[in-house]
Amino acid sequence: MKNADQILSSIAEALAAGRLVLMTDGTVTRKVIQAEITDSALPYHQERTFDVCLEGGRWVQLPISWPWDDLTGYGLTRLDDALYLAPDWWIAL
């Protein structure tokens, strides 16, 4: 799944249900605590971004492509019982 709005909805549903959501860069995997979309209408932001809060409080910002609203270079997939926000190449493996 690549669409940012659909990914946000899936992550929110999973977190609300107590299911595990993880984010990996291909080497390190961390638990997702929260996710949101920063709107381009906010000051100093020219494009929407997909913002992810990881365990420990670290925030990661992923670009959203315009006009398709897809995450750039990342997507969401289900593996076993968890959702993974991961690079496209990792999902393709």
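Residues numbered from 1 in each chain as written. Predicted model: local features only at pLDDT ≥ 70, side-chain atom pairs only at ≥ 80, totals over all residues. Heavy atoms only, no water.

**Focus: the overall build of the chain**
Right, so step 1: Counting its regular elements, the chain contains 2 helices and 6 strands.
Right, so step 2: Tracing the chain from N to C terminus, the helices and strands come up as α-β-β-β-β-β-β-α.
Right, so step 3: Its C-alpha radius of gyration of 13 Å places the chain within 12% of the 12 Å reference for a compact globule of 93 residues.
Right, so step 4: In terms of its C-alpha atoms, the chain occupies a principal-axis envelope of roughly 40 × 25 × 25 Å.
Right, so step 5: Counting the 93 residues in the chain, one finds 33% classified as buried.
Right, so step 6: Roughly 5,700 Å² of accessible area belongs to the chain as shown, and the carbon and sulfur atoms make up 52% of that amount.
Right, so step 7: With 7 positive and 13 negative side-chain charges, the chain shows a spacing of 6 Å between the two charge centroids. (Helix = DSSP H or I, 4+ residues; strand = E, 2+ residues; numbered from the N terminus. Rg over C-alpha atoms; globule rule 2.2 N^0.38 Å. Buried < 20%, exposed > 50% of the residue type's maximum accessible area, 1.4 Å probe, protein only. Areas by Shrake-Rupley, 256 points an atom, 1.4 Å probe, with all protein chains shown as cover. Lys, Arg positive; Asp, Glu negative; His and termini not counted. Charge placed at Lys NZ, Arg CZ, Asp CG, Glu CD.)

**A look at the nonpolar core**
Grouped burial of nonpolar side chains is what soluble globular proteins tend to show.
Right, so step 1: By size, the foremost hydrophobic cluster in this structure holds 19 residues, and its most contacted members are Ile11, Met23, Phe50, Leu62, Leu71 and Leu85.
Right, so step 2: For this core, the element with the highest residue contribution is helix α1 (residues 4-16), accounting for 4 residues. (Core = buried A, V, L, I, M, F, W, Y, C linked by side-chain atoms within 4.5 Å.)

**Remarks on the pattern of salt bridges**
Right, so step 1: Tallied over the full model, the rule gives 3 salt bridges.
Right, so step 2: Note that Arg48 and Asp5 form a salt bridge whose closest N and O atoms lie 3.3 Å from each other. With Arg48 in the loop between β2 (29-38) and β3 (49-54) and Asp5 in helix α1, this pair connects stretches of sequence that are 43 residues apart.
Right, so step 3: Look at Arg48 and you get partly exposed, because its relative accessible area is 22%.
Right, so step 4: Relative accessible area serves as the criterion here: at 37%, Asp5 is assigned to the partly exposed category.
Right, so step 5: One connected set of salt bridges, linked through shared partners, spans Asp5, Arg48 and Asp69. (Salt bridge = Lys/Arg side-chain N within 4 Å of Asp/Glu carboxyl O.)

**Thoughts on the sheet that holds strand β6 (residues 82-87)**
Right, so step 1: Spatial ordering of the open sheet is given by β4-β3-β2-β1-β6-β5, a layout of 6 strands whose pairing is mixed. Because the sheet does not close on itself, it has two edges, and the strands there are β4 (59-63) and β5 (74-79). Taking each pair of neighbouring strands and ignoring which way they run, the sheet shows an average axis angle of 40°.
Right, so step 2: Relative to β6, strand β1 (residues 21-24) is paired through 3 bridges, and the arrangement is parallel. Each bridged residue has a counterpart across the sheet, and for Leu22 the counterpart in β6 is Tyr84.
Right, so step 3: Against the sheet, α1 touches β1, β2, β3, β5 and β6, its axis set at about 125° to β2. (Pairing = 2+ DSSP bridges. Axes fitted to C-alpha atoms, helices over the stretch in contact; angles between N-to-C directions. Contact = heavy atoms within 4.5 Å.)

This is a description of form; function is not addressed.
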